[in-house]
Each structure stands twice: as structure tokens, then as C-alpha cells.
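Coordinates in review
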Amino acid sequence: MPLEALIAEDEELLRQSLVEQLGRLWPDLKLVAECEDGASALEQLAEKQPDIAFLDIRMPGISGIEVARSLSELSPRTQVVFVTAYDEYAIRAFDANAIDYLLKPYDQPRLQRALQRARERLALRIAA
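Residues numbered from 1 in each chain as written. Predicted model: local features only at pLDDT ≥ 70, side-chain atom pairs only at ≥ 80, totals over all residues. Heavy atoms only, no water.

**Brief notes about the environment of valine 32**
Heads up, the condition is: Each helix is a run of H or I in the DSSP string that is no shorter than four residues. Each strand is a run of E no shorter than two, and both are numbered from the N terminus. Whether two residues are in contact is decided by their heavy atoms: any pair within 4.5 Å suffices.
Summarising the element assignment, valine 32 is placed in strand S2 (residues 30–35). Between the alpha carbons of valine 32 and glutamine 49 there is a distance of 9.3 Å; along the sequence they are 17 residues apart. Not counting the four nearest positions on each side in its chain, valine 32 is found in contact with Glu4, Ala5, Lys48 and Pro50.

Below is the structure:
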């Protein structure tokens, strides 16, 4: 069974770029939802229960940090990778148990390292 992912990014071009990159770098990852804001991300996370969520920090309404903090109740198995242009939220992101924190614009090698971390963390969770 393939692992499932959600992307929450309010900028459409950046969201589509991440979708394309994930398709190339992790072809067996199944994208189950694309969201433009934190509220729809929360809704989709509760419904889909994906293995991993790629979250922007600053989105309309509810922030990516707030979404990540809600995961323990909504979708406890979901792991988070933050993808953002703002470095000042890194400590809060890791306090919310983030796997990684990608600063935009990121390059492919940096995304590959984040995806490797995600695979390792997900493998440990599955093995447990």
C-alpha cells in the first residue's frame, strides 16, 4: 500500500511545483489532497489521515504551525514537513514534531534530503 500525502500551500504555482517534484522524486507517494489554506488542510487531514503533510507556515486563516499542533487529535499518524519562506518559525515547527523545515526557494538536493528523512521516520513508525 503506497504512502499518502497532503500538500497545504496557498500559492498555486509553488503548490504545483511541489506536486511535480514529489511525482519525480517519490513516484509511489500518493497525493490525497491539495489545500490552499489551513482550514481546508485541517478538514482534509481529519478525513484522509495521510502519512505525511507538506505544510506552508503562512496561509490564510489557520497557520501551518496551528495545523501541525492539531494533528495529535485529528490525524496522529501524520508526519509533517514544513515548506516555507520564513526561517523565524523553525523552532516552533520542530516543537510541533516536524520532520524537516524547507526554506523556499529550495533546490532539488535539499528536497531529496527532506524526503529521505521522511521515508526514514515513516519506516520507523510502520515498523513499530
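**What about helix H3 (residues 64–74)?**
Put simply, the rule is: Accessible area is worked out with a 1.4 Å probe on protein chains only. A residue is then buried under 20% of its type maximum, exposed over 50%, and partly exposed in between. Taken from the helix axis, the directions to the C-beta atoms give the arc we talk about.
Every buried residue belonging to H3 is among Gly64, Ile65, Val67, Ala68 and Leu71, and all of these are buried. One side of H3 holds all its buried residues, which, seen down the axis, span an arc of 160°. For H3, the exposed residues set more than 90 degrees away from the buried face come down to Arg69, Ser72 and Glu73. Buried residues along H3 sit in contact with helix H2 (38–48), strand S3 (52–55), strand S4 (79–84) and helix H4 (90–95).

**Looking at unusual backbone geometry**
Between lysine 104 and the following residue, proline 105, the backbone shows a cis peptide bond with an omega angle of -5°. Relative to the assigned elements, proline 105 resides in the loop between strand S5 (98–103) and helix H5 (108–127). Positive phi is not limited to glycine here, since asparagine 97 has a value of about 65°. Its place among the elements puts asparagine 97 in the loop between H4 and S5.

**Section: the side chain of lysine 104**
Here is the rule: In the analysis that follows, any N or O atom pair within 3.5 Å is treated as a polar contact, provided that within protein one partner can donate a hydrogen and the other can accept it, and provided that, for residues neighboring in sequence, both atoms belong to side chains.
When you line up the elements, lysine 104 lands in the loop between S5 and H5. Given the relative accessible area of 17%, lysine 104 is considered buried. One polar contact links lysine 104 to glutamate 9, side chain to side chain, over a distance of 2.6 Å. Excluding its chain neighbours within four sequence positions, the residues that come into contact with lysine 104 are Glu9, Leu14, Asp56, Val83, Thr84 and Ala85.

**Quick notes on the pattern of salt bridges**
Stated precisely, the cut-off is as follows: We define a salt bridge as a side-chain nitrogen of Lys or Arg found within 4 Å of a carboxyl oxygen belonging to Asp or Glu.
All told, the structure shown has 9 salt bridges when counted by the stated rule. Here lysine 48 ties to glutamate 47 by a salt bridge, and the two come within 3.6 Å at their closest N and O atoms.

**Points about the pairing of S2**
Stated precisely, the cut-off is as follows: For two strands to count as paired, DSSP must find a minimum of two bridges between them. Viewed with both strands pointing away, a crossover whose connecting path from the first strand over the helix to the second turns clockwise is right-handed.
As judged from the 5 bridges shared by strand S1 (residues 4–8) and S2, these two strands associate in the parallel manner. Residue isoleucine 7 lies in a different strand from S2, and its bridge partner there is glutamate 34. At this point the chain moves from S1, through helix H1 (residues 12–25), to the parallel S2, and the crossover so formed is right-handed.

**Looking at the packing of aromatic side chains**
Let me state the cut-off plainly: Side-chain rings of Phe, Tyr and Trp, where Trp is taken by its six-membered ring, are said to pair if the distance between their centres is within 6.5 Å; with planes under 30 degrees apart they count as stacked, over 60 as edge-to-face, and otherwise as tilted.
Applying the stated criterion across every chain yields a total of 3 aromatic pairs. When the centroid spacing of 6.3 Å and the interplanar angle of 50° are considered together, the rings of phenylalanine 82 and tyrosine 101 count as tilted. Taken together, the positions of phenylalanine 82 in strand S4 and tyrosine 101 in strand S5 put the pair 19 residues apart, joining distant regions of the chain. Using a relative accessible area of 0% as the deciding quantity, one classes phenylalanine 82 as buried.

**Let's talk about the packing of H2 against H3**
Short version of the rule: Throughout, an axis means a line fitted to C-alpha atoms (over the contacting stretch in the case of helices), and angles, computed between N-to-C directions, take values from 0 to 180 degrees. Oblique is the label for every angle not falling under 35 degrees (roughly parallel), over 145 degrees (roughly antiparallel), or within 65 to 115 degrees (roughly perpendicular). Crossing handedness is read from the near helix: turned anticlockwise from the far helix by less than a right angle, it gives a left-handed crossing, and turned clockwise, a right-handed one.
Orientation of H2 relative to H3, taken along the N-to-C sense of each, is 20°, at an axis distance of 10 Å. Here H2 is positioned roughly parallel relative to H3, judged by the angle of their axes. Seen from above, H2 lies across H3 with right-handed handedness. In this structure, H2 contributes Gly38, Ala41, Leu42, Leu45 and Ala46 to the contact, and H3 contributes Val67, Ser70, Leu71 and Leu74.

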